[in-house]
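Close look at the chain arrangement
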Amino acid sequence: MKKIVVAGFKGRMGSTAAKMVLDNEDFDLVGVYDPRATETSLAGDATFNNVDVPVFTEREAILSVKPEIWIDFTVPEAAVKNTKFALEHDISPVVGTTGFTDNDVKQLQAIAKKRQVGGLIAPNFGLSAVLMMQFAKQAAKYFPDVEIIEMHHDNKLDAPSGTALKTAEMMQKERGDKPQGNPDKTESLPGARGANYHGMRIHSVRLPGLIAHQQVQFGAVGEGLTIRQDTYDRASFMTGVALACRKVTDHHELFDGLEYLL
Ligand SMILES: NC(=O)c1ccc[n+]([C@@H]2O[C@H](COP(=O)([O-])OP(=O)(O)OC[C@H]3O[C@@H](n4cnc5c(N)ncnc54)[C@H](O)[C@@H]3O)[C@@H](O)[C@H]2O)c1
Ligand SMILES: O=C(O)C1=N[C@H](C(=O)O)CCC1
């Protein structure tokens, strides 16, 4: 049984992940962590089947339950520190928190390599999102003019989304740098044309009712192509999280994207 701790268990994704761990017979939920928690055990919480799992509000204390895997759905600033902490204690991180910079990822990968610990940081654990990114990369080779419209719930902290940034990075590898639109354009309202990633524009929509959605829209003379992905339920991320928990400990490096474990 894989001994797993979930950081951010009071949140939308952390609570879904903790339930997923409890629901899988090859996983053992040895602890949950969230500074926001006031209880000391999950016993008495029907959401988590009243199981007697210790609740931690201090990171160091988690070492007492000797986890092998650290699932993280927290906030960017905490997640970078949590991932470093996990790696330095030979715990394999499975991180879904978004907002990591390229530099954060590189530094964490260096720690993982040095300590020979396997792990994963993935901006999106949905299989449809992984495929959407791969299809977009493929299309960008032939259609370099593209804009990303990402749409999320209005409680989301980071913008653009981790998925949009990763999609743009993957497409940039195919299309390179290319300014788009009219070079003489003006913006009567600043930001009207969205964020600029190597010439590609990214637009972030935040609305109640949404979960996570993305449209990658390509345009060329006389034709267009739109690739769209929709997440209707956070449960959809759990197949990818469970897969990562089963596979990361077979590796000795920190991967940046679920596609490396599929
Ligand atoms: N990779 C994916 O597939 C995927 C899917 C959904 C969301 N996300 C990302 O997951 C993250 C969490 O999203 P959410 O909607 O669950 O947010 P949320 O606000 O509902 O939950 C975040 C939780 O983290 C806790 N937290 C804050 N600081 C912490 C710390 N130092 N240690 C432990 N916990 C801490 C908060 O108290 C809160 O309960 C976001 O970055 C989001 O973009 C990723
Ligand atoms: O709910 C969120 O926040 C999500 N964030 C991810 C991102 O930033 O790409 C994607 C899944 C949902």
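Reading the values: rules and limits
- Residues numbered from 1 in each chain as written.
- Chains lettered and ligands numbered in written order.
- Predicted model: local features only at pLDDT ≥ 70, side-chain atom pairs only at ≥ 80, totals over all residues.
- Heavy atoms only, no water.
- Near = heavy atom within 4 Å.
- Polar contact = N/O pair within 3.5 Å; in protein donor to acceptor, adjacent residues only side chain to side chain.
- Helix = DSSP H or I, 4+ residues; strand = E, 2+ residues; numbered from the N terminus.
- Nonpolar A, V, L, I, M, F, W, Y, C, P; charged D, E, K, R; others polar.
- Core = buried A, V, L, I, M, F, W, Y, C linked by side-chain atoms within 4.5 Å.
- Buried < 20%, exposed > 50% of the residue type's maximum accessible area, 1.4 Å probe, protein only.
- Domains from an automatic or database assignment.
- Contact = heavy atoms within 4.5 Å.
- Axes fitted to C-alpha atoms, helices over the stretch in contact; angles between N-to-C directions.
- Parallel < 35°, antiparallel > 145°, perpendicular 65-115°, else oblique.
- Pairing = 2+ DSSP bridges.

Observations regarding the site of ligand 1
- Taken together, 24 residues surround ligand 1, and among them Met13, Asp34, Arg36, Thr98 and Phe125 come closest.
- Contact between ligand 1 and Arg12: an oxygen atom at 2.9 Å from a main-chain N or O atom of the residue.
- Within the side chain of Thr98, an N or O atom sits 2.5 Å from an oxygen atom of ligand 1.
- Of all elements in the fold, only α1 (12–23) and α2 (76–88) reach the threshold of two or more residues within the shell around ligand 1.
- In terms of residue class, the shell around ligand 1 is made up of 10 nonpolar, eight polar and six charged.

Comments concerning the nonpolar core
- Within the largest apolar cluster, 36 residues are counted, with the highest numbers of intra-cluster contacts made by Val6, Ile71, Val94, Leu120, Phe125 and Val241.
- When contributions to this core are tallied by element, the ones reaching two or more residues are β1 (2–7), α1, β2 (27–33), β4 (69–72) and α6 (238–247).
- Shared between two domains, this core takes at least three residues from each, and those domains are domain 1 (2–121 + 235–261) and domain 2 (127–231).
- When sequence neighbours within four positions are dropped, the list of residues in contact with Val241 reads Met20, Ile71, Phe73, Val94 and Phe125.
- Grouped together as the second largest cluster of nonpolar side chains are 19 residues, Phe143, Val146, Met170 and Tyr197 included.

With respect to the packing of α2 against helix α3 (residues 102–115)
- Running from N to C, α2 and α3 cross one another at 10°; their axes reach a closest spacing of 9 Å. Between α2 and α3, the crossing angle belongs to the class labelled roughly parallel. Taken together, the residues of α3 that come into contact with α2 (itself represented by Val80, Thr83, Lys84, Leu87 and Glu88) are Asp104, Leu108, Ile111, Ala112 and Arg115.
- Looking at the contact of α2 with α3 residue by residue, the classes come out as five nonpolar, one polar and four charged.

A few points about the sheet that holds strand β8 (residues 195–197)
- With mixed pairing, the five strands of this open sheet are ordered in space as β8-β9-β7-β10-β11. Each end of this open sheet is capped by a strand with a single partner; those strands are β8 and β11 (223–231). Taking the axes of each pair of neighbouring strands and ignoring which way they run, one obtains an average angle of 20° across the sheet.
- Strand direction decides the pairing type here: strand β7 (residues 146–152) and strand β9 (residues 200–206), joined by six bridges, are parallel. Counted as the bridge partner of Glu147 is Arg201 from β9.
- Docked against the sheet, helix α5 (residues 162–175) engages β7, β8, β9 and β10 (212–220), running at close to 165° with respect to β7.

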